[in-house]
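Residue-level structural notes
The residues making up each chain are set out below.
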Amino acid sequence: MSGGTDSSVAALLLQDAGYEVTGITFRFYEKEGDTEYLDDARSLCHRLGIEHIAYDVRDVFRQTVIDYFVREYMAGHTPVPCTVCNNHLKWPLLRKVADEQGIYHLATGHYVRKRLIDGYYHITAGADPDKDQSFFLWGLPQDILQRMLLPMGELTKVRVREMAAERGFLKAARKRDSLGVCFCPMDYRTFLRKELPEGSIRPGKFFDEEDRFIAYHEGYPFYTIGQRRGLGLNLNKAVFVKEILPEENKVVLSDWKALEKTEMRLKNCNIINPSLLLDRDDVIVKIRYRKQANRCTVTAQTDGSLYVRLHEPLAAIAEGQAAAFYRDEIVLGGGIIAPLQRS
């Protein structure tokens, strides 16, 4: 229970359905010591007459998510902190605490559903396309999926706010949605500057694809593959970040067409049911949370990675990004984009 609208209504709905509910609030990150979210969650649990647990994992969150986030940018990659947090921290922690409390079911305010298909549980997209969060949950194992309750999956955010207001939880009903990454919701560059020792990020150079100098930049960690805005350039054509070379503090720019690729490789993969994913021609891959879906064929490699052949070119594929596989609205698995291996 984050103290926000979605987890609050999820608790209400579970209680209405007859479940004995225990609320848990993970203390992941608190900007400038702000614990209002914790007070809100505790107050709501008190009004519902349910037990509330506050679980301090700020040190683990820093090691698992924040330090990873900084390392990836410094490596010239594009990190996926929400995917890492959900699959490697939040849901495993829920399972751990539930086991300690003798509780079977796990629930959150995620806008997703699940289905049992051929003996395997799958996350499926939520009913509200604007709030669907299935992209972030491709890495969850079966022993977590089978225990999940997902009361928000069939609802829209508009209806959820109405339900909170109807029950008199006006503060929860009016809370703003969180935007971006919880520990740096606005500009990640400011966050990196604060986290890193002075001098860690130094000015470098932009080059074109022919290795011709274009201009100076603020430091390679401040740029991501496919970026156009915020380059600080005034050219007579649109250019995009094609490549980042950390060792040389060098950023290569190109036109959009040069960013297109027809293949990629994934590491740290999770496959729900291999027969539904591998060597099929009707799989959809997404590397972005919204507004992108490409058909592909996925092949398992001997090193445990996945080779993805795209049926149409896809631009701005960045190392470190997550890729999730779908058929219709069903999540089939996913992985982290890694460099292609050439023989």
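Use the structure listed above.
Keep in mind that what you see is a predicted model, and the values were worked out from it rather than measured. (Residues numbered from 1 in each chain as written. Predicted model: local features only at pLDDT ≥ 70, side-chain atom pairs only at ≥ 80, totals over all residues. Heavy atoms only, no water.)

A short note on the side chain of H77
One can find H77 in the loop between helix 3 (58-74) and helix 4 (81-101). Separated by 3.2 Å, the side chains of H77 and E319 make a polar contact. If we ignore the near neighbours within four places in the chain, the residues touching H77 are E72, E319 and G320. (Helix = DSSP H or I, 4+ residues; strand = E, 2+ residues; numbered from the N terminus. Polar contact = N/O pair within 3.5 Å; in protein donor to acceptor, adjacent residues only side chain to side chain. Contact = heavy atoms within 4.5 Å.)

Observations regarding the pattern of salt bridges
Per the stated rule, a full pass over the model turns up 30 salt bridges. Among the ionic pairs, D56 bridges to R58, the shortest N-O distance being 2.6 Å. As a salt-bridge pair, R95 and D143 come within 2.6 Å of each other at their nearest N and O atoms. Here the residue R95 occupies a position in helix 4, and D143 occupies one in helix 5 (residues 142-145), the gap between them amounting to 48 residues. A relative accessible area of 22% places R95 in the partly exposed class. For D143, a relative accessible area of 34% corresponds to the partly exposed category. (Salt bridge = Lys/Arg side-chain N within 4 Å of Asp/Glu carboxyl O. Buried < 20%, exposed > 50% of the residue type's maximum accessible area, 1.4 Å probe, protein only.)

Let's talk about the nonpolar core
Among the nonpolar cores identified, the biggest contains 64 residues, and W91 and F183 are the most heavily contacted of them. Among the elements that take part in this core, helix 4 stands out by supplying 8 residues, more than any other. The residues contacting W91, other than those within four sequence positions of it, are N86, L106, A107, T108, H110, L137, L140, I144, M148 and L150. In terms of nonpolar packing, the next biggest core, distinct from the first, is built from 21 residues, L266, L277, I287 and V298 among them. (Core = buried A, V, L, I, M, F, W, Y, C linked by side-chain atoms within 4.5 Å.)

So, empty space enclosed by the protein
Empty pockets left among the atoms are what a rolling probe the size of a water molecule brings to light. Inspection of the entire model under this criterion finds 1 cavity of 30 Å³ or more. Considering the residues around the largest cavity, the lining is formed by I123, L137, W138, L140, L145, I272 and V331. Broken down by class, the residue content of the lining of the largest cavity amounts to 7 nonpolar, no polar and no charged. (1 Å grid on protein atoms, 1.4 Å probe; cavity = no way out; pocket = protein on both sides within 12 Å on 5 of 7 lines; lining within 4 Å. Points joined across faces, edges and corners; volume = space filled by probe spheres on them. Nonpolar A, V, L, I, M, F, W, Y, C, P; charged D, E, K, R; others polar.)

Concerning the packing of helix 3 against helix 8 (residues 188-195)
For the pair helix 3 and helix 8, interaxial distance at closest approach is 11 Å and the crossing angle is 105 degrees. Comparing their axes, helix 8 and helix 3 come out roughly perpendicular. Seen from helix 3, the contacting residues are R62, I66, F69, V70 and Y73; seen from helix 8, they are Y188, F191, L192 and E195. Grouping the amino acids of the contact of helix 3 with helix 8 by side-chain chemistry returns 7 nonpolar, no polar and 2 charged. (Axes fitted to C-alpha atoms, helices over the stretch in contact; angles between N-to-C directions. Parallel < 35°, antiparallel > 145°, perpendicular 65-115°, else oblique.)

As for the sheet that holds strand 10 (residues 250-254)
Here we have 4 strands laid out as an open sheet, ordered 8-7-10-9, and mixed in their pairing. A single partner strand is all that each edge strand has here, and the edge strands are strand 8 (213-217) and strand 9 (240-245). Neighbour-to-neighbour, the strand axes of this sheet turn through a mean angle of 30 degrees, independent of strand direction. When strand 7 (residues 204-207) meets strand 8, the two strands line up antiparallel, connected through 4 bridges. Each bridged residue has a counterpart across the sheet, and for G204 the counterpart in strand 8 is H217. (Pairing = 2+ DSSP bridges.)

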